[in-house]
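Architecture at a glance
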Amino acid sequence: MAATPRMELEKMSVEHLRGLKEQVDMEVNLLQDSLNNLRSANARLEIASAALQDLSVRPQGKKMLVPLTASLYVPGKLDDSEKVLVDVGTGYFIEKTMVEGKDYCERKIALLKSNYDQLLEVTAKKRSIADEAGAILQAKLKHLAPSQ
């Protein structure tokens with residue numbers, strides 16, 4: 001019968017526990033950063049999907065402001081609302097129909113949600129290990145303190 005993770009942690013020395021806790025805490029921080037990045041990317045795709053929906057109902061020839069950057073807009077006119085340019089990453093754009101553009105956004109949103117859920121599960125497990133290692137480390141340090 002294999003030993004439980006808690007039993008394995010209890011067998012570790014104080015130095016090993018301290019090192020493990022620091023390593024797992026660092027991993028949790030990196031995973032948390034990744035979760036934030038996924039959340040941010042998902043929000044951008046949600047905005048893009050809403051923009052596509054808005055564009056699909058506008059009449060041809062409609063005057064509008066076109067974003068060049070996050071804070072720079074130029075006046076423009078809607079030429080063809082059935083064709084859109086989709087940013088597929090690293091500066092590459094693909095011309096798609098409105099339906100294909102919406103489908104692309106929805107698929108990417110679903111993929112990001114799936115990745116987010118998986119990463120959230122891994123982060124919770126790592127955080128649990130860090131908490132358990134911290135608790136065992138504190139108990140061992142408390143136990144060693146009176147004997148010194």
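Let me begin by describing the structure that accompanies this report. Note that this is a predicted model, so its numbers are computed, not measured.

On to the overall build of the protein chain, then. Summing up its helical and strand segments, the protein chain has 3 helices and 4 strands in all. The secondary structure elements of the protein chain, listed N-terminal to C-terminal, are α-α-β-β-β-β-α. For 148 residues, the compact-globule formula gives about 15 Å, and the C-alpha radius of gyration of the protein chain, at 25 Å, lies well above that figure. Seen through its C-alpha atoms, the protein chain measures out along the principal axes to roughly 85 × 35 × 25 Å. Relative to its 148 residues, the protein chain shows a buried fraction of 21%. A total accessible area of about 10800 Å² is found for the protein chain, and carbon and sulfur atoms account for 59% of it. When the 21 basic and 21 acidic side-chain charges of the protein chain are each reduced to a single mean position, those positions are 3 Å apart.

To continue, consider the layout of surface pockets. Remark: the empty space left among the atoms is shown by a probe the size of a water molecule rolled over them. The volume enclosed by the largest pocket comes to roughly 1500 Å³. Among the elements of the structure, helix H2 (14-56), strand S1 (63-67), strand S3 (83-89), strand S4 (92-97) and helix H3 (98-144) are those that each provide at least two residues to the lining of the largest pocket. Per-element tally for the lining of the largest pocket: the top contributor is H2, with 9 residues. Class assignment of the residues belonging to the lining of the largest pocket gives a composition of 24 nonpolar, 3 polar and 9 charged.

Cut-offs applied
Residues numbered from 1 in each chain as written. Predicted model: local features only at pLDDT ≥ 70, side-chain atom pairs only at ≥ 80, totals over all residues. Heavy atoms only, no water. Helix = DSSP H or I, 4+ residues; strand = E, 2+ residues; numbered from the N terminus. Rg over C-alpha atoms; globule rule 2.2 N^0.38 Å. Buried < 20%, exposed > 50% of the residue type's maximum accessible area, 1.4 Å probe, protein only. Areas by Shrake-Rupley, 256 points an atom, 1.4 Å probe, with all protein chains shown as cover. Lys, Arg positive; Asp, Glu negative; His and termini not counted. Charge placed at Lys NZ, Arg CZ, Asp CG, Glu CD. 1 Å grid on protein atoms, 1.4 Å probe; cavity = no way out; pocket = protein on both sides within 12 Å on 5 of 7 lines; lining within 4 Å. Points joined across faces, edges and corners; volume = space filled by probe spheres on them. Nonpolar A, V, L, I, M, F, W, Y, C, P; charged D, E, K, R; others polar.

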